[in-house]
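Descriptive analysis of the structure
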Amino acid sequence: MDSIDRLLSRRTLLRGSLALGASAFWVRGAFADELSRTPSLTEGPFYPPKLPLDTDNDLLIINDNIMPAIGEVTHLSGRVLSQSGEPLRNAVVEIWQCDGNGVYIAQEDADGRDSNFQGFGRFLTGSSGEYYFRTIKPVPYPGRTPHIHVKVKKGDRELLTTQFFINGYSQNQRDGIFLGIRDPLDRELVLVDFKPIQESKIGELSARMNIVIGRTPEDSPDRPRRPRGDR
C-alpha cells in the first residue's frame, strides 16, 4: 500500500478539520499507527430476503435489459483495508439501497418500484482490496436520509455491516441511524462525497470511500506480524 493512498485513507478521520491537529488522523487508543475502523451500523429491514438473479456490481442494468434504472448514475469505489492498512483480498462487498422512487427490492409489491433497478450487488476484491459498483446516488424515503447499505464478508464470516451517507446532506442531522454514531469523528467515516465527473456528458458522479475493518479471518493473537519494511 503506497504512502499517498494510506494518507488519503487516514484523511477520512477529519474532512478538512485541520484545526484539530495532525494527531487526529490517527486512531484513538494504544496503537497510534492504525487506521480508524469504519463504524458498524444496523442492517435494517430491507436486506433482500431472496437475492435477485442478477447480483453483479452494475445495479443500473438487470441482465440483458436495455432500459436502465432511474437516478443519478454513480460510480462507487474504494478499498477494503485492515486497521494496519493491509488490503483485504477475496472479500465480498455487498451493497443494497432503495431505487430512485424510494423503494427497496425487498418491497417487491410496493407501488412505484423501479423494476429496472437491480437494488443489490456484489463485488469480490482482488489483491489491492479494491471494490467497484455502478449504481445511483441514494435518495431519501420517509423517515430516512439517503444512504447505501454495505456489508463485507470473507468466507462464511460477516466482517462488517454499515451504511454510507451523502456528505453535507441536511437530513443527516435528523436521521436516527446516523445520529446513533455518537462520536463526530466516527460519523466522518461513513460520509461520502458524490462528485461530478467532469468529462461525463450525462452527469455521472464519482463516490469513493475506503472501508476499514477490524480483525479478519487471517488474524489471530499468535499470528506473527510482518516487519513494517515488508508492507
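Since we're looking at a predicted model, the values are computed, not measured.

Rules behind the numbers
Counting starts from 1 at the beginning of each chain's written sequence and moves along it residue by residue. For a predicted model such as this one, the threshold for reporting local features is a pLDDT of at least 70, and the threshold for listing and counting side-chain atom pairs is 80 or more; totals across whole chains, interfaces and linings nevertheless cover every residue. With hydrogens and water excluded, all non-hydrogen atoms of the structure serve as input to the side-chain values. What counts as a helix is a DSSP run of H or I of at least four residues, what counts as a strand is a run of E of at least two, and both are numbered from the N terminus. We call two residues in contact whenever any of their non-hydrogen atoms come within 4.5 Å of each other. By nonpolar core is meant a set of buried Ala, Val, Leu, Ile, Met, Phe, Trp, Tyr and Cys residues that side-chain atoms within 4.5 Å join together. Exposure is judged per residue with a 1.4 Å probe applied to protein chains only, and the accessible area is read against the type maximum: over 50% gives exposed, under 20% gives buried, and values in between give partly exposed. Only strands that DSSP links by at least two bridges are regarded as paired with each other. Looking at any residue, its pLDDT shows the predictor's confidence there, from 0 to 100.

Topic: the side chain of Gln171
Residue position: Gln171 is located in the loop between β6 (157-166) and α2 (176-179). For Gln171, the contacting residues outside a window of four places in its chain are Pro140, Arg144 and Thr145.

Considerations on the environment of Ile62
Residue position: Ile62 is located in the loop between α1 (3-11) and β1 (73-82). Leave out the neighbours within four places in its chain, and Ile62 touches Asp54, Ser115, Asn116, Phe117 and Gln118.

Quick notes on the nonpolar core
Core analysis: the largest hydrophobic core is formed by 29 residues, its most contacted members being Leu76, Tyr131, Phe164 and Ile211. Looking at this core, the elements that each hand over two or more residues are β1, β2 (92-96), β4 (130-136), β5 (147-154), β6, β9 (205-208) and β10 (211-213). No other element matches β6, which puts four residues into this core. Dropping the residues within four chain positions of it, Tyr131 is found in contact with Leu76, Ser77, Gly78, Arg79, Val80, Val93, Phe123, Thr125, Phe164, Met209 and Ile211. One finds Tyr47, Cys98, Tyr104 and Phe120 within the second-largest nonpolar core, a separate group that totals seven residues.

Structural notes on the side chain of Thr38
Structurally, Thr38 can be placed in the loop between α1 and β1. With a relative accessible area of 4%, Thr38 lands in the buried category. When neighbours within four sequence positions are excluded, Thr38 is seen to be in contact with Leu160, Thr162, Leu189, Val190, Asn210, Ile211 and Val212.

Brief notes about the sheet that holds strand β7 (residues 191-192)
What holds strands together in a sheet is hydrogen bonding between their backbones, with the strands either parallel or antiparallel. Here we have five strands laid out as an open sheet, ordered β3-β2-β5-β6-β7, and mixed in their pairing. Either end of the sheet is taken by a strand with one partner, and the two such strands are β3 (120-124) and β7. When β2 meets β3, the two strands line up antiparallel, connected through five bridges. Opposite Ile95, over in β3, you have Gly121 as the bridge partner.

Examining the confidence of the model for the chain
When pLDDT is averaged across the chain, the result is 85; 78% of the residues are at 70 or more. Low confidence marks residues 1-32, where pLDDT is under 50. Its contacts with residues over four positions away, or in another chain, come to 52 contacts.

Observations concerning unusual backbone geometry
Even without a glycine there, the phi angle at Asn63 is positive, about 50°. Tracing the sequence through the fold places Asn63 in the loop between α1 and β1. With phi around 60°, Asn90 is a residue other than glycine that occupies positive phi space. Inspection of the secondary structure assignment puts Asn90 in the loop between β1 and β2. Residue class for Asn90 comes out partly exposed when judged on its relative accessible area of 42%.

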